[in-house]
Amino acid sequence: MPDDDASSREALPTGFRGEGIAAHRVRVLLPLPLPEALDYFAPGSLPEPGAFVRVPLGQRSVAGVVWDGADNGLPAKRLKPIIEILATPGLQSELRQFIERVAAYTMAPPGAVLRMAMSVPEALQPPRPRRVCAASPAGRAVLAGATTEPRLTPTRRRVLEILSSGPQLPAAELARLAACSPGVVRDLITAGLVDERFAPAVTAEAATPDWRLAGSALSTDQSMAAKRLVDGVAAGGFGVSVLDGVTGSGKTETYFAAVAAALAADRQVLVLLPEIALGAQWLERFRRRFGVLPAQWHSDLSAAERRDTWRAVAAGRARVVVGARSALFLPFPELGLIIVDEEHDPSYKQEDGVIYHARDMAVLRASLAGIPIILVSATPSLETLVNVARGRYQRVSLPRRHAAAELPVVRLVDLRRERLERGRFLSPLLVSELAATLEAGEQALLFLNRRGYAPLTLCRACGHRFQCPSCTAWLVEHRFTGRLLCHYCGHAEAVPACCPECLAGGALVPCGPGVERLLEEVTQRFPQARATLMVSDQLSSPRAAAELAQAMTEQRYDLLIGTQIVAKGHHFPMLTLVGVVDADLGLAGGDLRAAERTYQLLQQVGGRAGRAEHKGRVLIQTWMPDQPVMQALAAGDRDPFLEAEAAARRQAGLPPFGRLAALIVSADDAETSDLTARALSRAAPQLPGVTVLGPAPAPLAVLRGRHRRRFLVKAGREVRLQPILQDWLSRVRTAGSVRIQIDIDPYSFL
Ligand code: ADP
Ligand code: ZN
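Residues numbered from 1 in each chain as written. Chains lettered and ligands numbered in written order. Predicted model: local features only at pLDDT ≥ 70, side-chain atom pairs only at ≥ 80, totals over all residues. Heavy atoms only, no water.

Draft legend 1. Structural view of unusual backbone geometry. With an omega of 5 degrees, the peptide bond between Pro655 and Pro656 qualifies as cis. Along the polypeptide, Pro656 turns up in the loop between α19 (639-652) and β26 (658-667). Between Gly694 and the following residue, Pro695, the backbone shows a cis peptide bond with an omega angle of 5 degrees. In this structure, Pro695 sits in strand β27 (residues 690-703). Backbone geometry at Ala179 places phi at a positive 50 degrees, although glycine is not the residue there. We classify Ala179 as exposed; its relative accessible area is 62%. Phi at Gln555 takes a positive value of approximately 55 degrees, unusual for a residue other than glycine. You can see Gln555 is positioned in the loop between α16 (542-553) and β23 (559-562). (Helix = DSSP H or I, 4+ residues; strand = E, 2+ residues; numbered from the N terminus. Buried < 20%, exposed > 50% of the residue type's maximum accessible area, 1.4 Å probe, protein only.)

Set out below in structure tokens:
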């Protein structure tokens, strides 16, 4: 609550004392984790709900949004005046409602959700003239070698080269492109080699995608599917379609028809992709279909790009936005269609800050906006399939691969029979298939969802294992960088020469395979093959990822080894063999979706094989070939597996047949966290049909130095868990370092 300081009372113009003020009272929601909107008064004309305003908060001034609903009844004399009404178009009622509903569902403060819709505060200011850099005549002369003074360091040379070969750029942007510190650019300006001047303000005119361009000629299956999607767009109104098509069936081409229809109807379109970083091929396809690139929204954009895109969306200039999950909170004034590609992807669940599932919230936004939404996948989530079965979502199927491409043949490699050599991870069968593939001049992909060299490093002499100092997790050796790394908190240390415990030298041994170790094995077995890794920690940027994908397409590599980032979206025509090195990896642990996720991931990875005219093969190495999920993959028939999964979850009352919420208690020390957990336990709700499990130490009992305890709350589908949790929490006092996180519909059980 803002302080009732003397200055604000003085700020009250006499005319507003007492009664008259009621008419000038406004609620303002600030993008801060406060429990509710705050009351202010508007000295001048009353701003409309949704208007962006600047208001005082303590000593600061903060931009917020005029909110709907009843005020808090703060005494008139304590109200502070809003400072200004901003000129930016206001937040539409649809988005305000969406923010309220997301907050209510996830139990996050509405202001924390608003912050996601106001993630670029600079975008609210009118565009300012930018200061940009250009190479000065002196700079050009030095670069051209016309003079030898002053001497250029390689970094300074790079900066000048960027400027002389491209457009004028703001200093910060220039430093980013040249991968140098802003100081280098400053020094060049001081030295007179770079000029800085004002460029006129521009509102980047986002190029408009042209829906009139002809797309690819669709196959009969595709046209039928496209027609149903287009009909949904034409009819308008809320409706969920599930575009369920095998890998390579042309789902993208098909939903592009719906995008075109929405554009033709003068509406904006939002396409969510799981990892926009992997979207280079997608973007290129969009450009081929619609003539221009769509607006993009993801974490790898510069601040200036985010600001321009936010403004372009709010002003309706950006007609199609493709983005990661946070794009869902952009202020579209004319949203007409949402597409969630790879709807089953676990990365749609945001796990920190406001914990929400972007697919589920996208359905909510579509329903509030009264528009169609399309969920796209080759392996739809059980949640989505159950909604199809209940008749809430309509399924649109693409059962065949496009053109001559056939689905790959899938074989299980039973590791109990096919023996692995010591310290090796490729079975004889997989090795011979690899040899045949390389022999034929085709490409292969080895999939192993483990970064680094080995998941565990231990001392042969004393058995010492390397553990993260602030997490319950083993450190993973990364040989390329010579470091031991915690995959949970990022802690890194150099690999020591001798064991820190018993001081034995040269006694550290790697246990198990990571992708780096696999690359070593491949290089030993196939010295001629051009092999490389595709791993998130070695791809510095989306551009690096795109370049690697391009190199694969052009067959500059024969063999790709990758983690889950290779699974999605890629289309390499000459890739015919996929080897899954350890199919059982994802099945361990008590995750209710472990089997489903394994199925989805391996089906996606396998789907990279044989996408063009060459027939594909998939080899899956497993110790558990009898598992239903392995059988489903081998048979290429998901239905019996999914039915069994569904039956098991129904039996156990688990999602999507029941509700689940997690409570994670954390504190700086184990004792405090146990005390709080016990207090929560005593106050736990005792209601029919609601089960509280726990407290139990989280599998990651210590994460970033915080000691964690978990509760799991289970209830029937008819139960609304939020009020129950609210009531529970209100009965427990927490102190000091304690934090209680609520995760509605948890996907992570760590
Ligand atoms: P999915 O997303 O279902 O895995 P894609 O949309 O990636 O499938 O399509 C697989 C490949 O087939 C892509 O290279 C795509 O360009 C091509 N393709 C799909 N449909 C058509 C079509 N109607 N005409 C031409 N090429 C197509
Ligand atoms: Zn750690």
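Draft legend 2. Highlighting the packing of aromatic side chains. Taken as a whole and judged by the stated rule, the model has 11 aromatic pairs. Ring geometry for Phe52 and Trp310: centres 6.0 Å apart, planes at 65 degrees, overall edge-to-face. In this pair, Phe52 sits in strand β3 (residues 52-57) while Trp310 sits in helix α11 (residues 303-314), placing the two residues 258 residues apart along the sequence. The buried category is assigned to Trp310, whose relative accessible area is 2%. Judged by centre distance (5.4 Å) and plane angle (85 degrees), the ring pair of Phe711 and Trp728 falls under edge-to-face. Of this pair, Phe711 sits in strand β28 (residues 706-716) while Trp728 is found in helix α21 (residues 721-730), placing the two residues 17 residues apart along the sequence. Each member of the pair, Phe711 as well as Trp728, is classed as buried. The rings of Tyr255, Phe256, Trp282, Phe286 and Phe290 are connected pair by pair, giving a single aromatic cluster. Here the guanidinium or amino end of Arg131 rests over the ring plane of Phe198, the centre of that ring lying 5.4 Å away. Lying over the aromatic face of Tyr747, Arg593 brings its terminal NZ or CZ to 3.6 Å of the ring centre. (Phe/Tyr/Trp six-rings, centres within 6.5 Å; stacked < 30°, edge-to-face > 60°. Lys NZ or Arg CZ within 6 Å of the ring centre and 35° of its normal.)

Draft legend 3. Local environment of the sheet that holds strand β19 (residues 483-485). Read from one edge to the other, the open sheet built from 3 strands follows the order β18-β19-β20, with strand pairing classed as antiparallel. Edge strands, defined here as strands with exactly one partner in the open sheet, are β18 (476-478) and β20 (492-494). Within this sheet the neighbouring strands show an average axis-to-axis angle of 30 degrees, counted without direction. As paired elements, β19 and β20 share 3 bridges and run antiparallel to each other. Paired with Leu485 across the two strands is Ala492, which belongs to β20. (Pairing = 2+ DSSP bridges. Axes fitted to C-alpha atoms, helices over the stretch in contact; angles between N-to-C directions.)

Draft legend 4. Fine view of the packing of helix α17 (residues 594-606) against α19. Two numbers describe how α17 lies on α19: the axes approach to 10 Å, and their chain directions differ by 160 degrees. With respect to α19, the element α17 is oriented roughly antiparallel. The crossing of α17 and α19 is left-handed. Contacts from Ala595, Glu596 and Tyr599 of α17 reach α19 at Phe641, Glu645 and Arg649. Here the residues of the contact of α17 with α19 sort into 3 nonpolar, no polar and 3 charged. (Parallel < 35°, antiparallel > 145°, perpendicular 65-115°, else oblique. Left-handed = near helix turned anticlockwise from the far one by under 90°. Contact = heavy atoms within 4.5 Å. Nonpolar A, V, L, I, M, F, W, Y, C, P; charged D, E, K, R; others polar.)

Draft legend 5. Expanded view of the sheet that holds strand β22 (residues 531-534). Taken together, the 6 strands give an open sheet; going across it, the order is β15-β25-β24-β16-β23-β22, and neighbouring strands pair in parallel fashion. With one partner strand each, in any of the chains shown, β15 (409-414) and β22 form the two edges of the open sheet. Across this sheet, the average inter-strand angle for adjacent strands is 20 degrees, counted without regard to direction. Here β15 runs beside strand β25 (residues 617-622); their pairing, made up of 6 bridges, is parallel. Each bridged residue has a counterpart across the sheet, and for Val413 the counterpart in β25 is Gln621.

Draft legend 6. The coordination of the zinc ion (ligand 2), seen in detail. With distances of 2.3 to 2.4 Å, the protein atoms coordinating the zinc ion (ligand 2) are Cys468 (SG), Cys471 (SG), Cys486 (SG) and Cys489 (SG). Because the angles between the 4 donor atoms bound to the zinc ion (ligand 2) fall within 107 to 113 degrees, the donor set is best described as tetrahedral. Counting along the primary sequence, the residues that act as donors to the zinc ion (ligand 2) give the motif C-x2-C-x14-C-x2-C. Placement of Cys471 in the loop between β17 (456-459) and β18 and of Cys486 in the loop between β19 and β20 is noted, with a sequence separation of 15 residues between them. An identical accessibility class is assigned to Cys471 and Cys486; each is buried. (Donors = N, O, S within 2.8 Å, 3.2 Å for Na, K, Ca; no water. Tetrahedral: all angles 85-135°; square planar, octahedral: opposite > 155°, others 65-115°.)

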